[in-house]
Amino acid sequence: AGKYSTLGAMPTERTFAMIKPDGVRRGLTAEILRRIELKGYRTVGLKLYQIPRETAESHYGEHSAKPFFGELVDFITSGPVVAIALEGENAIAGWRSMMGATNPANAAPGTIRGDFATSVGENVTHGSDSPESAQRELALFFAEGELLK
Ligand code: IDP
């Protein structure tokens, strides 16, 4: 106790995770939820969701000037996604590490993108990249009553 009691302790965080339309279409939902459960994150919100175009444009607002923005919004609204609110120690960076690099060509085997994706446009999952994004994205995708206390 005392001196070492907080050694290695990390903050409990909430993050927004999503199985993108390609992941749902390809039947990867159960495998991805299985990995989340085995890792030990608590699922505090979960729904199958057809993203309205406006929500997609807001979610990816930081990319609105990029040449691939239109394609990105078309793709993310092309079918239902699984929206997931996760809670756990260091959940924001931890979930991103489970997903692997944005471009599956650079994603290590054992990561979701490394194991299941070949294209940067269809890379199976999303995860918030900071506490600010997590808060913004959770509020965009979930009403307050949809998240466990
Ligand atoms: P992230 O999803 O790993 O956080 P971001 O850089 O925030 O990556 O990009 C958001 C999403 O936009 C990516 O997951 C990917 O699907 C898509 N994207 C990123 N760069 C490109 C590109 O050059 N062409 C097509 N899609 C892209």
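The structure presented is a predicted model; accordingly, all values stated were derived computationally and were not measured.

Trainee: Looking at this model, I keep getting lost on the overall build of the protein chain. Mind explaining?
Mentor: Counting secondary structure elements, the protein chain contains seven helices and four strands. The order of helices and strands in the protein chain, counted from the N terminus, is β-α-α-β-α-α-β-α-α-β-α. Here the protein chain has a C-alpha radius of gyration of 16 Å; the compact-globule value for 149 residues is 15 Å, and the two agree. For the protein chain, the spread of C-alpha atoms along the principal axes amounts to about 55 × 35 × 30 Å. Within the protein chain, the fraction of its 149 residues that count as buried is 46%. Considering only intrachain contacts with a sequence separation of at least 6, the fraction spanning at least 24 residues in the protein chain is 77%. Carbon and sulfur atoms make up 54% of the accessible area of the protein chain, which totals about 8,000 Å². One finds the centroid of the 16 positive side-chain charges in the protein chain at a distance of 4 Å from the centroid of its 18 negative side-chain charges.

Trainee: Could you clarify how one ought to interpret the pairing of strand β1 (residues 12-19) in this entry?
Mentor: Remember that side chains alternate between the two faces of the sheet whenever the strand is regular. Of all eight residues in β1, six are buried, a share of seventy percent or more. Strand direction decides the pairing type here: β1 and strand β3 (residues 81-89), joined by eight bridges, are antiparallel. Paired with Met18 across the bridge in β3 is Ala83.

Trainee: Teacher, can you tell me more about the layout of surface pockets here?
Mentor: Once rolled over the atoms, a probe with the size of a water molecule shows which space is left empty. The space that makes up the largest pocket amounts to roughly 550 Å³. If you trace the largest pocket, you find 25 residues lining it, with Lys20, Tyr60, His63, Leu72 and Thr102 closest to the centre. When the residues that make up the lining of the largest pocket are grouped by side-chain class, the tally is six nonpolar, ten polar and nine charged. Estimates place the volume of the second largest pocket at around 200 Å³. In this structure, the second largest pocket is lined by Glu13, Arg14, Ile92, Pro131, Ala134, Gln135, Leu138, Ala139, Phe142 and Leu147. Contributing elements (two or more residues each) for the lining of the second largest pocket: β1 and α7 (131-141). Of the residues forming the lining of the second largest pocket, the biggest block, five residues, is contributed by α7.

What counts and how
Each residue is numbered by its place in its chain's sequence as written, counting from 1. Where totals are concerned, whole chains, interfaces and linings use all residues; where local detail is concerned, this predicted model gives features only for residues with pLDDT of at least 70, and gives and counts side-chain atom pairs only at 80 or more. By convention in this description, side-chain values take in all heavy atoms of the structure and omit both hydrogens and water. Runs of E in the DSSP output that reach at least two residues are strands. Runs of H or I that reach at least four are helices, and both are numbered from the N terminus. Only C-alpha atoms enter the radius of gyration, while the globule expectation follows 2.2 Å times N to the 0.38, with N the number of residues. Only protein chains enter the accessibility calculation, which uses a 1.4 Å probe. A residue is then buried if its area is under 20% of the maximum for its type, exposed if over 50%, and partly exposed in between. The contact criterion used is simple: two residues touch if any of their non-hydrogen atoms lie within 4.5 Å. Only the protein chains shown count as cover for residues, and all accessible areas are computed by the Shrake-Rupley method using a 1.4 Å probe. Counted charges follow a simple rule, with Lys and Arg positive, Asp and Glu negative, and His plus the chain ends left uncounted. Every charge is mapped onto a representative atom, which is NZ of Lys, CZ of Arg, CG of Asp or CD of Glu. Strands are labelled as partners when DSSP assigns at least two bridges between them. Cavities and pockets were defined on a 1 Å grid built from protein atoms only: a cavity is a group of points that admits a 1.4 Å probe but offers it no way out, a pocket is an open group of points flanked by protein on both sides within 12 Å along at least five of seven lines, and a lining residue is one with an atom within 4 Å of any such point. Grid points are joined across faces, edges and corners, and a volume is the space filled by probe spheres set on the points. Just so you know the grouping, Ala, Val, Leu, Ile, Met, Phe, Trp, Tyr, Cys and Pro go in nonpolar, Asp, Glu, Lys and Arg go in charged, and all remaining residues, Gly too, go in polar.

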